[in-house]
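# A structural walkthrough
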Amino acid sequence: MQQLDLEIEGMTCAGCGETVAQALRDVEGVEEVRLDDWTEGRASVTAADNVDPDDLRIAVADAGYSASVPSPRSEVPGSPPENGADPAYDLVVVGGGSAAFAAALKASELGYRAVIINDGPAAGGLPIGGTCVNVGCVPSKALIRAAEAHHDASNHPFDGITSESTVTDFGAVTDQVQRLVDDLQQHKYLDIVNGDPDVTLREGRARLAGEQTVEVDGETVTGRRILLATGARTFVPDIPGLEETGYLTNEELYTLDERPDHLIVWGGGYIALENAQAFSRLGSEVTILQRSEQILSREDEDVAEALTEYLRGEGLTVHTNTEVQAVQRANGTVQMEVEIDGTPHTITGTDLLVATGLRANTDTLGLEALGIETHGRGFLSVDNTLQTAAPSIYGAGDVIGDPAFVYTAAREGQLAAENALEGTAHDRRATPLPWVIFTDPQVAGVGLGERAAAEQGLDVDVATLPLDQVPRALAAYDTRGFIKLLREQATGRLIGARIVAPEGSELLMEVALAIQQGLTTDDLTDLLHPYLTLSEGIKLAALSFDRDVETLSCCAT
């Protein structure tokens, strides 16, 4: 089998992406097509070794688009530095987040010298640690837990117990969140690097000056290899009045001293939904505006519908099929002129959170001079070994596009460092890929969902188990959600799962391991699952392919 990455031009919507993906699947010998986000302008094809890349280009052309298949990158030769002198470092890492740190530490582990160059707040960037620790995973999950504690205190289901909760000082909540951010930034990033003699940390905005050199504040830094790990920021649509009105992104949200009275959340992905529910639970009125027909536009319809129902049940307003026309500030409020299902409306709030996707931080890197291409919203084009068109320059993390998770970024950073410095060719694609949206109930998935399976033309069986069939959920008086498993009809192998459940993310790794090991649903049902654990729901869901679990005793599963 071979892996081919295609650069696609001409796609303007999700329907275009589906058309291109189907055209590629129709090519004889193609086993799998991944085209997760049409805005990236890229598709990945797994095909038999005898499939000619020209056949893929022709198929895309016949569908009305154009495609190119970049030539495989050559191994990086041990060439001398451009100026003839020994380089100062083996690996120059541009960026300061998870991919950057993982790469530098891997380089050190392998016996090489690395430097991390992070632009920092003084140059308009993020502090050391990047998105995750500063404005992403850490502060958002801490705020979500605070909101959950407040919500659960006055919304529990148990008789004979009366409790309540009041948010007396919103600024104290965000101050505590920021103390956690500062602590983790120090102990998990700065202290680690300061204790490693082979890793140097410096601040400044770097720009490529050659295939082995970068310029930082007028100074040249040289390295045998360069890794670009500059991350991504919020994509802000070009809407009349938006810049003048002002808005929040995740970079400002977790430092607010005052709670927004009415927060408009523009977007329907994981960043939008997690924060929408958290702020609602902490006392803000919240309105969600989503462009597509459902929140979580790439997910299965039943997953999106269930979460929408739960959010609305908590008092959030959720609008889908929404096109934003203009934004203005009037009488101290944000006013958004929108069309919902084609009908004009004005949505008014006190604050606006823009969570409409990501744009790569590649604007000022000087890529063009070295012939390094980007795709979609500026995402760095790399091959499966994370190498760019410039043989000594690699990319990793959010800057290369989906999947934009901290754990995939860290893995990519490690692989990029090893590939660049050791001449290996480790593939960046990791399957199966588990993911979580930290709403309540959580949404979690791994492997294929129903939509993806249908797009790939796979014959699958689907079993969906409501949580009211899981004893642990019944005992907790919280039966929101379901567990859905997908298996291959011909073999019974588990190929995917979607879970909507309180703490549903804790079920993911059993399913991920089962998929990775090629286990069948019968294999899962043969495993002992402790009674009154949520994980028992995986066994019950597997049983429900062939049996009616409502007819089973708790002791006869």
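Residues numbered from 1 in each chain as written. Predicted model: local features only at pLDDT ≥ 70, side-chain atom pairs only at ≥ 80, totals over all residues. Heavy atoms only, no water.

### Brief notes about the pairing of strand β3 (residues 42-47)
For β3, the buried fraction is high: six of the six residues fall into the buried class. Alternating residues of β3 divide into Arg 42, Ser 44 and Thr 46 and Ala 43, Val 45 and Ala 47, and every residue in both groups is buried. Bridging between strand β1 (residues 2-9) and β3 involves six bridges; their strand directions are antiparallel. Looking at β3, one finds that Asp 5 is bridged to Ser 44. (Buried < 20%, exposed > 50% of the residue type's maximum accessible area, 1.4 Å probe, protein only. Helix = DSSP H or I, 4+ residues; strand = E, 2+ residues; numbered from the N terminus. Pairing = 2+ DSSP bridges.)

### Overview of the side chain of Thr 356
Within the secondary structure, Thr 356 sits in the loop between β18 (351-354) and β19 (358-360). A distance of 2.5 Å separates the side chain of Thr 356 from the backbone oxygen of Phe 235, its partner in a polar contact. Setting aside anything within four residues of it in sequence, one finds Thr 356 in contact with Phe 235, Val 236, Pro 237, Trp 266 and Arg 377. (Polar contact = N/O pair within 3.5 Å; in protein donor to acceptor, adjacent residues only side chain to side chain. Contact = heavy atoms within 4.5 Å.)

### So, the sheet that holds strand β27 (residues 494-501)
Read from one edge of the open sheet, five strands run β23-β24-β27-β26-β25, paired in antiparallel fashion. The open sheet has two edge strands with one neighbour each: β23 (435-437) and β25 (460-466). Between one strand axis and the next, the sheet turns through 10° on average, direction left out of account. Helix α10 (residues 301-313) rests against β24 (442-447), β26 (482-488) and β27 of the sheet, and its axis sits at about 175° to β26. (Axes fitted to C-alpha atoms, helices over the stretch in contact; angles between N-to-C directions.)

### Here's the deal with the nonpolar core
Ranked by size, the top nonpolar core spans 53 residues in total, and within it Leu 91, Val 92, Val 214, Leu 227 and Leu 228 carry the most contacts. Contacts of Val 214, omitting those with residues within four sequence positions, involve Val 92, Val 94, Ile 117, Ala 206, Arg 207, Leu 208, Ala 209, Glu 219, Thr 220, Val 221 and Ile 226. Formed by 37 residues, the second largest nonpolar core is a distinct cluster that contains Tyr 254, Ala 276, Val 286 and Ala 306. (Core = buried A, V, L, I, M, F, W, Y, C linked by side-chain atoms within 4.5 Å.)

### Observations regarding the environment of Val 460
Within the fold, Val 460 resides in strand β25. With ten residues separating them in the primary sequence, Val 460 and Glu 450 have C-alpha atoms 8.5 Å apart. If we skip the residues at most four places from it in the chain, Val 460 touches Ala 453, Leu 486, Arg 487, Gln 489 and Ile 495.

### Section: the packing of aromatic side chains
Summed over the entire model, instances satisfying the criterion amount to five aromatic pairs. Geometrically, the ring pair formed by Phe 101 and Tyr 189 is edge-to-face, given 4.9 Å between the ring centres and 85° between the ring planes. Here Phe 101, found in helix α3 (residues 98-109), pairs with Tyr 189, found in helix α6 (residues 170-194); they are 88 residues apart in sequence, far enough to count as distant. Take Phe 101 and Tyr 189: they sit in the same class, and that class is buried. An angle of 5° between the planes, with centres 5.2 Å apart, marks the rings of Phe 405 and Tyr 407 as stacked. Arg 377 extends its terminal NZ or CZ atom over the ring of Phe 235, reaching a point 3.8 Å from the ring centre. (Phe/Tyr/Trp six-rings, centres within 6.5 Å; stacked < 30°, edge-to-face > 60°. Lys NZ or Arg CZ within 6 Å of the ring centre and 35° of its normal.)

### Brief notes about the pattern of salt bridges
Where charged atoms of side chains with opposite charge meet at close range, the side chains can pair. This model, assessed by the stated rule, comprises 24 salt bridges. The shortest N-O distance in the salt bridge between Asp 5 and Arg 429 comes to 3.4 Å. Of this pair, Asp 5 sits in strand β1 while Arg 429 sits in the loop between α11 (406-422) and β23, and the two are 424 residues apart along the sequence. For Asp 5, a relative accessible area of 10% gives the class buried. Judged by relative accessible area, Arg 429 falls into the partly exposed class, the value being 22%. Between Arg 480 and Asp 478 there is a salt bridge, with its nearest N and O atoms 2.8 Å apart. Classification of Asp 478 by relative accessible area gives partly exposed; the value is 23%. Among the ionic contacts, a cluster of salt bridges with common partners joins Arg 281, Glu 314, Asp 440, Asp 478 and Arg 480. (Salt bridge = Lys/Arg side-chain N within 4 Å of Asp/Glu carboxyl O.)

### A few points about α11
Residue pairs spaced three or four apart in an α-helix point in one direction, given the helix's 3.6 residues per turn. With 17 residues, α11 extends 24 Å between its outermost C-alpha atoms, agreeing within 8% with the 24 Å of an ideal straight helix rising 1.5 Å per residue. Along α11, the residues classified as buried are Thr 408, Ala 409, Glu 412, Gly 413, Leu 415, Ala 416, Ala 417, Glu 418, Asn 419, Ala 420 and Leu 421. Contact partners of the buried residues in α11: β5 (89-94), α3, β10 (219-228) and β22 (393-395). Looking one or two residues past α11, Gly 423 carries a phi angle of roughly 75°, positive in sign. (Expected span 1.5 Å × (residues − 1).)

### Quick word on unusual backbone geometry
Each neighbour pair has its own omega, and for Asp 402 with Pro 403 the value is -5°, a cis peptide bond. Within the secondary structure, Pro 403 sits in the loop between β22 and α11. Of note, the bond from Thr 431 into Pro 432 is cis; its omega dihedral lies within 30 degrees of zero at -5°. Along the polypeptide, Pro 432 turns up in the loop between α11 and β23. In this structure, Leu 296 is a non-glycine residue whose phi angle is positive, near 50°. Here Leu 296 shows up in the loop between β13 (285-289) and α10.

### A look at a nonpolar patch on the surface
Taken together, Phe 158, Ile 161 and Tyr 477 make up a surface patch of nonpolar side chains, about 350 Å² in accessible area. Among the secondary structure elements, Tyr 477 is positioned in the loop between α13 (471-475) and β26. (Patch = residues over 30% accessible without salt bridge, like charges linked within 9 Å, V, L, I, M, F, W, Y side chains within 5 Å. Areas by Shrake-Rupley, 256 points an atom, 1.4 Å probe, with all protein chains shown as cover.)

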